[in-house]
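Below, each chain spelled out in residue letters.
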Amino acid sequence: MTESVVLREVAETDLPEFFTHQLDPEAGRMAAFVAKDPADRDAFMAHWAKIMADKTITIRTIEHDGGVAGHIASFLRDGTPEVTYWIDPKLWGRGIATAALEQFLLIVPSRPLFARTASDNRGSIRVLEKCGFRQTATETGYANAREAEIEEGVFELV
Ligand SMILES: CC(C)(COP(=O)(O)OP(=O)(O)OC[C@H]1O[C@@H](n2cnc3c(N)ncnc32)[C@H](O)[C@@H]1OP(=O)(O)O)[C@@H](O)C(=O)NCCC(=O)NCCS
């Protein structure tokens, strides 16, 4: 089922689809550390214009069966490379995030590579573990989608 997952450069026309993906309330709750107002389209577009122009950030559109299934990115947090991803909720549970991360790890050679996920985001934790990441720390941070301080796991791929 995952053979048809392909990573490609992001096109401007993908952005409205990414915007819709992050509007999903359950997805936002899972990811937790999200924008203050996911419905603010201007803020979303401004953020994406900024990250697409940033040479330290690698972003790819995840295609599944020729359609936009989500995105995956690596960026520097205080100089440390970190990966993040988001899949269209309509396509969850098909192995797409796992296949996308496996492929992304081939184009982003930085090691160690880090990832952070809310401690109750079972799906994301499973994706990371299946791709070889191991949890190395636990931190606490303010999560906009929960309007509360929550625990997040710090994962590392060496
Ligand atoms: C987390 C997310 C990326 C998973 O994407 P996905 O394409 O459904 O993941 P996969 O199909 O590759 O699943 C990988 C594993 O996680 C498990 N899994 C996926 N979602 C799960 C959930 N909600 N609860 C428990 N396990 C879950 C799958 O069963 C699979 O495990 P298995 O192979 O042992 O059966 C997706 O739900 C998402 O985009 N969520 C919103 C954004 C987000 O949380 N991003 C991560 C921020 S750190």
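Now for a look at the structure at hand. As the structure is a prediction and not an experimental result, all values here were calculated from the model. (Residues numbered from 1 in each chain as written. Predicted model: local features only at pLDDT ≥ 70, side-chain atom pairs only at ≥ 80, totals over all residues.)

1. Description of the overall build of the protein chain
Inference 1: A tally of helices and strands in the protein chain yields five helices and seven strands.
Inference 2: Starting at the N terminus, the α and β elements of the protein chain follow one another as β-α-α-α-β-β-β-α-β-α-β-β.
Inference 3: Its C-alpha atoms give the protein chain principal-axis dimensions of about 35 × 35 × 30 Å.
Inference 4: Of all 158 residues assigned to the protein chain, the portion counted as buried reaches 27%.
Inference 5: Contacts spanning at least 24 positions in sequence make up 60% of the contacts within the protein chain whose residues lie at least 6 apart. (Helix = DSSP H or I, 4+ residues; strand = E, 2+ residues; numbered from the N terminus. Buried ≥ 20, exposed ≤ 12 C-beta atoms within 10 Å, placed from the backbone. Contact = placed C-beta atoms within 7 Å.)

2. Structural notes on helix H4 (residues 96-107)
Inference 1: Across its 12 residues, H4 extends 17 Å between first and last C-alpha, which sits within 8% of the 16 Å expected from 1.5 Å per residue.
Inference 2: Taken together, the buried positions of H4 are Ile96, Ala97, Ala99, Ala100, Leu101 and Phe104. (Expected span 1.5 Å × (residues − 1).)

3. A closer look at the nonpolar core
Inference 1: Ranked by size, the top nonpolar core spans 22 residues in total, and within it Tyr85, Ile96, Ala97, Ala100 and Leu101 carry the most contacts.
Inference 2: Put simply, the parts of the chain that give this core at least two residues each are strand S3 (67-77), strand S4 (80-87), H4, strand S5 (113-118) and helix H5 (122-130).
Inference 3: When residues no more than four places from it in sequence are discounted, the contact partners of Ala100 are Val5, Leu7, Ile62, Ile72 and Tyr85.
Inference 4: One finds Met30, Ala31, Ala32 and Ala118 within the second-largest nonpolar core, a separate group that totals five residues. (Core = buried A, V, L, I, M, F, W, Y, C linked by C-beta atoms within 7 Å.)

4. Description of the environment of Ile150
Inference 1: Structurally, Ile150 is set in strand S7 (residues 148-157).
Inference 2: For Ile150, a count of 17 C-beta atoms within 10 Å translates into the label partly exposed.
Inference 3: If near-sequence neighbours (up to four positions away) are discounted, Ile150 is found in contact with Ala32, Ala118 and Ala143.

5. Let's talk about the site of the ligand
Inference 1: Near the ligand lie 21 residues; those nearest to it are Trp92, Ala97, Thr98, Gly123 and Arg126.
Inference 2: Of all elements in the fold, only helix H2 (25-31), S4, H4 and H5 reach the threshold of two or more residues within the shell around the ligand.
Inference 3: Tallying contributions element by element places H5 first for the shell around the ligand, with five residues.
Inference 4: Across the shell around the ligand, the residue classes tally to 10 nonpolar, eight polar and three charged. (Near = placed C-beta within 6 Å. Nonpolar A, V, L, I, M, F, W, Y, C, P; charged D, E, K, R; others polar.)

6. Focus: the pairing of S4
Inference 1: Bridge analysis of S3 against S4 gives eight bridges, and the strand direction is antiparallel. Looking at S4, one finds that Ser74 is bridged to Val83.
Inference 2: Linking S3 to S4, which pair antiparallel, is a turn of two residues; within it Asp78 sits at a positive phi near 50°. (Pairing = 2+ DSSP bridges.)

7. Comments concerning unusual backbone geometry
Inference 1: For the bond from Arg111 to Pro112, the omega torsion is 0°, close enough to zero to count as cis.
Inference 2: Within the secondary structure layout, Pro112 lies in the loop between H4 and S5.
Inference 3: With phi around 50°, Asp65 is a residue other than glycine that occupies positive phi space.
Inference 4: Phi at Glu147 is positive, roughly 50°, even though this residue is not glycine.
Inference 5: Relative to the elements of secondary structure, Glu147 occurs in the loop between strand S6 (134-143) and S7.

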